[in-house]
Amino acid sequence: MSSSSSSYATSSLVVGYALCSSLLAVINKFAITYFNYPGLLTALQYLTSTVGVYLLGKLGFLHHDAFTWDTAKKFLPAAAVFYLAIFTNTNLLRHANVDTFIVFRSLTPLLVAIADTVFRSQPRPSKLTFLSLLVILAGAVGYVVNDSAFTLTAYSWAVAYLVTITTEMVYIKHMVSSLELNTWGFVLYNNLLSLMIAPIFWFLTGEYTDVFTAVNARGGGSLFEPVAFFAVALSCVFGFLISFFGFAARKAISATAFTVTGVVNKFLTVVINVLIWDKHASPVGLVCLLVTICGGIGYQQSVTVAKKPTNGPSQDSEKVDEESVELIPAGKVATNV
C-alpha cells in the first residue's frame, strides 16, 4: 500500500470513528431515556453486532477470523474491560446529561498517555504534546465547574467510567497489537464475549427484576413502545458501526491519538445535544469545550511533527495493515462503549 493510500485509509477510519462516536453518545442518551434498562440495552447492541458480523460473513460481504476457544480465552480480559467501560458509560448517561459524559471523556487522553508510557513502554510525550494534553485537561476542568447538574450518583458513575475507559483504551490497544486477528475478527470476539458477560451484570445489578416487572405490568406484552423501539434499534446500528471503526482506528493510530480523537469529536455531540435536550452546558461551559478542542488540535500537530523520521522510523508510528481494512462490494458501506 502506497504512503498516500495508507494515509487516506487511516484518515477515513478516523473520520468514520469520529462521526459514529459523536452521534452515539446522543443516540444512547435518547435510547436510555425511553428504554431505561442499561444492561439489556448494551446486551442488545452486542447481539446486533455479533449477528451482523456472522451473517455478513456468511453472505460473503466480509471476512472474519474463525472463533476458537483458545483465542477467546486470550481475549476475554479485554472483552471484560470493554464491557465494563460500556456498562459504566450507559449508566452515566442514565443518571447524568451528555455534557457530564463529555467532561469525563475529555479527561482520558492525559491518563492514557501516562498509562501508555508506563505500561506499554511507549515513548514519553514531548513537551508540546504534554502541554496540549494539559490544555485539554484545563478545558475539561473549566467545563465541569460550570456543571449545574451535579449529583453524587452521576459523578460516582462518572469516576467509574473514567477508570474503566482509560484501562480499556490502553489494554485493548495492547490486545489489538498482540493478537493476529483482522478487524472483523476483533469485532466478532469483542461483541460475542461481551454478550456472554452481559447476563452476569444483568443479575448482579438486579436489573432483571425491573425487566420482568415491566413485562408483567404489560400482561406479557413488549417492553418496546414505538419510540423506544426506534431508539434502541438506532443505538444497535451505531454500536455495530463503531465496532468496526473503533477497532480499525485502534490498529491505525496510537492509543492516545485514538483517545484524543474521541474527545475532539465531542464538539459535534455538544452541538446536537444543545439542539435536542433542554439540559446542557452554559455558554461559559461551551467556551471551555472549545479550549479542549484547541488542546486536541495542538496534540495532533505535536504528534505529526514527532512522527517525522530523523534517524529511522518513530517508535510511535503504527501502520495500517492492509488486511485490517475490509473491501466491501459496490453498494455496501464499510461499517466498535
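Look up a bit, the structure's there.
Residues numbered from 1 in each chain as written. Predicted model: local features only at pLDDT ≥ 70, side-chain atom pairs only at ≥ 80, totals over all residues. Heavy atoms only, no water.

Helix and strand content of the protein chain: 13 helices and zero strands. In sequence order, the secondary structure elements of the protein chain are arranged as α-α-α-α-α-α-α-α-α-α-α-α-α. The buried share of the protein chain, reckoned over its 337 residues, is 52%. (Helix = DSSP H or I, 4+ residues; strand = E, 2+ residues; numbered from the N terminus. Buried < 20%, exposed > 50% of the residue type's maximum accessible area, 1.4 Å probe, protein only.)

Where nonpolar side chains cluster on the molecular surface, the patch consists of V15, L19, L268, V271, L275 and I276 and spans about 540 Å² of accessible area. The set of elements that each furnish at least two residues to the nonpolar patch consists of α1 (3-34) and α12 (266-276). Note that L268 resides in helix α12. (Patch = residues over 30% accessible without salt bridge, like charges linked within 9 Å, V, L, I, M, F, W, Y side chains within 5 Å. Areas by Shrake-Rupley, 256 points an atom, 1.4 Å probe, with all protein chains shown as cover. Salt bridge = Lys/Arg side-chain N within 4 Å of Asp/Glu carboxyl O.)

This paragraph deals with the packing of helix α3 (residues 69-95) against helix α8 (residues 183-204). At their nearest, the axes of α3 and α8 sit 8 Å apart, and the two run at 65° to each other. Pair α3 / α8 crosses with right-handed handedness. Residues W69, T71, A72, F75, L76, A78, A79, A80, F82, Y83, L84 and F87 of α3 touch α8, and the partners they reach there are F186, Y189, N190, L193, S194, M196, I197, A198 and F201. A per-class count over the contact of α3 with α8 returns 18 nonpolar, three polar and no charged. (Axes fitted to C-alpha atoms, helices over the stretch in contact; angles between N-to-C directions. Left-handed = near helix turned anticlockwise from the far one by under 90°. Contact = heavy atoms within 4.5 Å. Nonpolar A, V, L, I, M, F, W, Y, C, P; charged D, E, K, R; others polar.)

For the rest of this paragraph, the subject is the environment of C20. The topology assignment puts C20 in helix α1. Distance from C20 to G246, taken between C-alpha atoms, is 9.0 Å for residues 226 residues apart in sequence. Sequence-distant contacts of C20, defined by excluding residues within four places in its chain, comprise F238, L241, I242 and F245.

Ranked by internal contacts, the top residues of the largest apolar core, which has 27 residues, are L92, F101, I102, F104, Y143 and L289. V14, I27, F240 and I242 belong to the second-largest nonpolar core, a separate cluster that totals 22 residues. (Core = buried A, V, L, I, M, F, W, Y, C linked by side-chain atoms within 4.5 Å.)

Moving on, we get to α8. In this model, α8 (22 residues) spans 32 Å end to end at C-alpha, consistent with the 32 Å of a helix rising 1.5 Å per residue. Of all bends in α8, the biggest is about 30°, found at M196, and the proline P199 comes one to four residues later. Backbone geometry just downstream of α8 places G206 in the positive-phi region, at approximately 75°. (Expected span 1.5 Å × (residues − 1). Bend = angle between axes of the 7 residues up to and from the residue.)

With that out of the way, let us pick up α3. The terminal C-alpha atoms of α3 lie 37 Å apart, and with 27 residues this matches the ideal 39 Å at 1.5 Å per residue to within 8%. A bend of about 45° at F75 is the largest found in α3, and the proline P77 appears one to four places after it.

Our focus in this paragraph is the pattern of salt bridges. Charged atoms that come close allow side chains of opposite charge to pair. For the structure on display, the rule yields one salt bridge. The partner of K74 in a salt bridge is D70, with the nearest N and O atoms 3.8 Å apart. A residue pair is termed a helical-turn pair when its members lie 3 or 4 positions apart in one helix, as K74 and D70 do in helix α3 at four residues.

A complete count under the given rule lists 19 aromatic pairs for this structure. Measuring from centroid to centroid gives 5.9 Å for F87 and W157, while their planes differ by 75°, and the two rings are edge-to-face. Pair noted here: F87 is in helix α3 and W157 is in helix α7 (residues 152-178), with a separation of 70 residues, a long-range link. By the ring-pair criterion, three or more aromatic residues cluster together here, those being Y46, F82, Y83, F87, W157 and F201. (Phe/Tyr/Trp six-rings, centres within 6.5 Å; stacked < 30°, edge-to-face > 60°.)

The residue S49 is located in helix α2 (residues 38-58) in this model. On the basis of relative accessibility, which here comes to 1%, the residue S49 falls in the buried class. Apart from the residues lying within four places of it in its own chain, the contact partners of S49 are N191, G239, F240 and S243.

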